[in-house]
Each structure stands twice: as C-alpha cells, then as structure tokens.
Amino acid sequence: MKATGEDRRGPRRPRARVWRDLVLAVGLIGICAGGLALFLKTAEGAGDRRSGVPAAVLVAVAALGVLAVGLAVTRRGRAPVRNRASARPAGLPEDPAPAPDVPDIGAEALDHAAVDADGFEHAVAALCARDGCTAVEVVGGAGDLGADVVAVTLDGRRVVLQCKHYAEDNRVGSQDLQRFGGTCFTIHEADVAVVVTTSSFTAPAAEYAATCGIICVDGEALAAWTDQLTPAPWDALTPDPTAPVA
C-alpha cells in the first residue's frame, strides 16, 4: 500500500494554518485600505462635503472586519489545553511496583542451635528471607568457592554469606577469611560479604576482615540477629569485626 501525502509528510502543523490566516488577514486589510483610499479620493474630487459620513461608516466596517479576522486567527492558532489534573508526568510509571512480601518464617527454621552444618546454611538463609531479602539461595557444597548463601537486599545489594558451624572452642581463623576474601568480591561479585559462625573469630581473622571489608558475625551477634535485637548485617551502620573476642 502506497503512503498518502499526509503519511509521508506527517500531519500539517497548526503553525502553518496560523501563517496562512495571517496572510489572508493582511490581504483583507490591504483591500479595505485600498477601497477606502479610492473612495476618499473620488469623494474629494467630486467636492462632496458629506462624504465624511459614509467614509466614517466604511472605516468602521473595515475595522470590524479586521477585528473579526484577527479573532479567528487567534482562535485557530491557539493550541488546545490539556486537562492538567488528568495528565501524568512523563516517565512516571502507571502504578508503583508493590513491595515484596516478607515470607512467614517459622521459629524452627531459625533455630541454628538445633541443626548440623548443612542445616545451619538453611537457618542463615531463613534469616535473610525473614529480613526482607529476595532471591535467597543456598549454594553451599562442593566447588562453592566459599559462598554458602546468596541473597539480594531490598535496595538491590548482592549479599554473599559463608557459614561456619563450629563448636565454641573452634574459632574461625585468618586462613578461612583469606580463602573467602579471595572469592567473595571477584568471583561472586558481592556487594556485601558476610561470614557467620556459631563460635568466634581469632584476632588475625578479624583484622583481615576489617581490611577487606568483610562483616564478621560471631555466635553472640548471630543470637542477637536471630532475636531481632540488632539489624541484619547488611543494615548495620558501623559493623566492627575487630571488636574484642572472648
């Protein structure tokens, strides 16, 4: 199907109609002025003193005609006004996306003291889900390169957690932190890296974590997080992994 002239050139713009009407108005004014001049010249040549009355009438008629043309041009050239109350600003979404629902996590899913090492990873994942994270996934296992749980916070940060289910007398050492520090940011692309343990951290491990920006959550901090006495690790304003450990 061939495109019509309007399809090829697009619809005529109102500005073109305004200029056309203006040209018409100027032409009408010129005609009126010419007729008036001719009339006055003829009346003057004939010596008719009463010609001032019809001349005044002609001037009034011409003025009314010019005024009518001007009003028509103004109305036709005026852009339509949209209803500002119903207009939606450009770029504003139709409806804001609803906030994701926080899942109802049972207390048994958060009981890290009653599970083994594999169950501990699921308990940490349940904590992340309870505190509003989405895309929570347990990825620990062979070849996990240090990542046991991954999640995404409400503000879009990617959290990578390593879970250490240790006895109280088995502290997390600097070698554990160094292995995790070598992969959490470069391999797993973490925005927030966290090591969670049921025990505690050695001083060298805490120092290394502070240098790399890794958040350390020991047994006491884990209990406080579980009981909602402290914010989630990624929401803590001033995480201090170098705090003295027992």
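The text that follows walks through the structure, step by step, so that each part is easy to find.

Conventions used here
- Residues numbered from 1 in each chain as written.
- Predicted model: local features only at pLDDT ≥ 70, side-chain atom pairs only at ≥ 80, totals over all residues.
- Heavy atoms only, no water.
- Helix = DSSP H or I, 4+ residues; strand = E, 2+ residues; numbered from the N terminus.
- Buried < 20%, exposed > 50% of the residue type's maximum accessible area, 1.4 Å probe, protein only.
- Areas by Shrake-Rupley, 256 points an atom, 1.4 Å probe, with all protein chains shown as cover.
- Phe/Tyr/Trp six-rings, centres within 6.5 Å; stacked < 30°, edge-to-face > 60°.
- Axes fitted to C-alpha atoms, helices over the stretch in contact; angles between N-to-C directions.
- Parallel < 35°, antiparallel > 145°, perpendicular 65-115°, else oblique.
- Left-handed = near helix turned anticlockwise from the far one by under 90°.
- Contact = heavy atoms within 4.5 Å.
- Nonpolar A, V, L, I, M, F, W, Y, C, P; charged D, E, K, R; others polar.
- Salt bridge = Lys/Arg side-chain N within 4 Å of Asp/Glu carboxyl O.

### Concerning the overall build of the protein
Okay, so step 1: The secondary structure content of the protein amounts to seven helices and five strands.
Okay, so step 2: Reading the secondary structure of the protein in the N-to-C direction produces α-α-α-α-β-β-β-α-β-α-β-α.
Okay, so step 3: Here the protein holds 246 residues, and the buried ones make up 30% of them.
Okay, so step 4: Accessible surface for the protein amounts to roughly 16,300 Å². Of this, 58% is attributable to carbon and sulfur atoms.

### Structural notes on the packing of aromatic side chains
Okay, so step 1: All chains considered together, the criterion is met by one aromatic pair.
Okay, so step 2: Arranged with centres 5.8 Å apart and planes meeting at 90 degrees, the rings of Trp225 and Trp234 form a pair that is edge-to-face.
Okay, so step 3: Given the relative accessible area of 1%, Trp225 is considered buried.
Okay, so step 4: Residue class for Trp234 comes out buried when judged on its relative accessible area of 5%.

### Thoughts on the packing of helix H4 (residues 117-130) against helix H7 (residues 219-226)
Okay, so step 1: The interhelical angle for the contact between H4 and H7, taken along N-to-C directions, is 45 degrees, at an axis separation of 11 Å. When the interaxial angle is binned, H4 and H7 end up oblique. Crossing of H4 over H7 shows left-handed handedness. In contact with Phe120, Leu127, Cys128 and Arg130 of H4, H7 contributes Leu222, Trp225 and Thr226.
Okay, so step 2: Looking at side-chain class alone, the contact of H4 with H7 contains five nonpolar, one polar and one charged residues.

### Some thoughts on the pattern of salt bridges
Okay, so step 1: Tallying each qualifying case throughout the model produces four salt bridges.
Okay, so step 2: Across the salt bridge formed by Arg130 and Asp131, the nearest N and O atoms sit 2.9 Å from each other.
Okay, so step 3: Given the relative accessible area of 13%, Arg130 is considered buried.
Okay, so step 4: Judged by its relative accessible area of 22%, Asp131 is partly exposed.
Okay, so step 5: As a salt-bridge pair, Arg157 and Asp235 come within 3.3 Å of each other at their nearest N and O atoms. Of this pair, Arg157 sits in the loop between strand E2 (149-152) and strand E3 (158-164) while Asp235 is found in the segment after H7, placing the two residues 78 residues apart along the sequence.
Okay, so step 6: Judged by its relative accessible area of 41%, Asp235 is partly exposed.
Okay, so step 7: A single network of salt bridges, built from pairs that share partners, joins Asp155, Arg157 and Asp235.

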